[in-house]
Amino acid sequence: MHTSALVLFSGGQDSATCLAQALARYPRVETVGFDYGQRHRVELDARQTVLRELRAQFPDWAPRLGQDHVLDLAVLGQVSETSLTRETAFAMTESGLPNTFVPGRNLLFMTLAAALAYRRDLQVLVTGVCETDFSGYPDCRDDTMKALQLALSLGMDRRFLIDTPLMWLDKAQTWSLAHTLGGDALVALIVEHSHTCYLGDRRHRHAWGYGCGTCPACELRARGWARWRGEAK
Ligand code: ZN
């Protein structure tokens, strides 16, 4: 029986939904985020706002929500050239991956999260990785997560469970899951305060939240919202 979890929480729609699910499921939940020189600090700001609003609006969950951790991963900027950390435009690379891809980033995130979970005595690592809206990131695959669960458990001699609630959901189903977990209030919280846009746009407000509306992350979020609203009618 698992009673405690560490949620990899970036402040986006996916990880906010994962956090809500963890709060519904586990009595003790902590969060971790990574500061790797993102071009836009809005992601890190969004984390704090979502945590604050969850505490304020969901009194059943508030006592379960423990410490938040932010780990400095500036080193990622030293090993990668990516449009997430540098001022370059989005494009597809020769390998067929978007240039937002940081090789092995998620492997690093999971390893550091496991080390933190070990120290904090947390059993489950919750991450919003997903194969359905697959943007080609090989370190988000289900097989990668299964291999990591084994490697981390063996390598730290601690039985970790990697929980990936969104692995087989599309973006419409992710909105639907948020609604099941926390109703209209949770959906409204995620729309208003979570941040997904690659360009860090907090000026343009759409039905699905803030963003430029045209980057791949905005397009995915907007399409999922439209489909969910269409189906929900
Ligand atoms: Zn955008």
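Located above this text is the structure these notes cover.
Owing to the predicted nature of the structure, the values given are computational and were not obtained by experimental measurement.

J.: Help me understand the sheet that holds strand E4 (residues 124-126), please; the structure alone is not making it clear to me.
T.: By way of backbone hydrogen bonds, the strands of a sheet pair with one another, either parallel or antiparallel. If you walk across this open sheet you meet the five strands as E3-E2-E1-E4-E5, and the pairing is parallel. The outermost strands of the open sheet, each flanked by one partner alone, are strand E3 (65-72) and strand E5 (161-163). Recorded for the sheet is a direction-independent mean angle of 25 degrees between the axes of neighbouring strands. Helix-sheet contacts for helix H1 (residues 13-25) involve strand E1 (4-8), strand E2 (28-35), E3, E4 and E5, and the interaxial angle to E1 is about 175 degrees.

J.: Which parts of the structure should I look at to understand the coordination of the zinc ion?
T.: Where a metal carries four tetrahedral donors, each ideal angle is 109.5 degrees; where it carries six octahedral donors, the ideal angles are 90 or 180 degrees. Taken together, Cys197 (SG), Cys212 (SG), Cys215 (SG) and Cys218 (SG) make up the full set of protein donors to the zinc ion, lying 2.3 to 2.4 Å away. If you look at the zinc ion, its four donor atoms make angles of 105 to 117 degrees with each other, and the shape they trace is tetrahedral. Sequence spacing of the donors to the zinc ion: C-x14-C-x2-C-x2-C. You'll find Cys215 and Cys218 in the same group, each marked buried.

J.: What is the right way to read the pairing of E2 from this model?
T.: Along a regular strand, successive side chains alternate from one face of the sheet to the other. Taking burial as the measure, the eight residues of E2 include seven buried ones, the bulk of the element. With five bridges connecting them, E1 and E2 associate as parallel partners. Across the sheet, residue Val7 finds its bridge partner in E2, namely Thr31. Traced from E1 through H1 to E2, the parallel crossover comes out right-handed. The pairing of E2 with E3 spans six bridges and is classified as parallel. The partner of Thr31 across the bridge, within E3, is Asp68.

J.: Sorry if this is basic, but what is going on with the nonpolar core here?
T.: Across soluble globular proteins, you tend to see nonpolar side chains buried next to one another. Among the nonpolar cores identified, the biggest contains 38 residues, and Val7, Leu19, Val29, Leu54, Val126 and Leu186 are the most heavily contacted of them. Within the residue set of this core, elements represented by two or more residues are E1, H1, helix H2 (42-57), E4, helix H6 (171-193) and helix H7 (216-232). Among the elements that line this core, the one with the most residues is H6, at nine residues. With sequence-adjacent residues up to four places away left out, Leu186 is seen in contact with Ala20, Leu54, Phe58, Trp61, Ala178 and Leu181.

Rules and cut-offs
- Residues numbered from 1 in each chain as written.
- Predicted model: local features only at pLDDT ≥ 70, side-chain atom pairs only at ≥ 80, totals over all residues.
- Heavy atoms only, no water.
- Pairing = 2+ DSSP bridges.
- Helix = DSSP H or I, 4+ residues; strand = E, 2+ residues; numbered from the N terminus.
- Axes fitted to C-alpha atoms, helices over the stretch in contact; angles between N-to-C directions.
- Contact = heavy atoms within 4.5 Å.
- Donors = N, O, S within 2.8 Å, 3.2 Å for Na, K, Ca; no water.
- Tetrahedral: all angles 85-135°; square planar, octahedral: opposite > 155°, others 65-115°.
- Buried < 20%, exposed > 50% of the residue type's maximum accessible area, 1.4 Å probe, protein only.
- Right-handed = clockwise from strand over helix to strand, strands pointing away.
- Core = buried A, V, L, I, M, F, W, Y, C linked by side-chain atoms within 4.5 Å.

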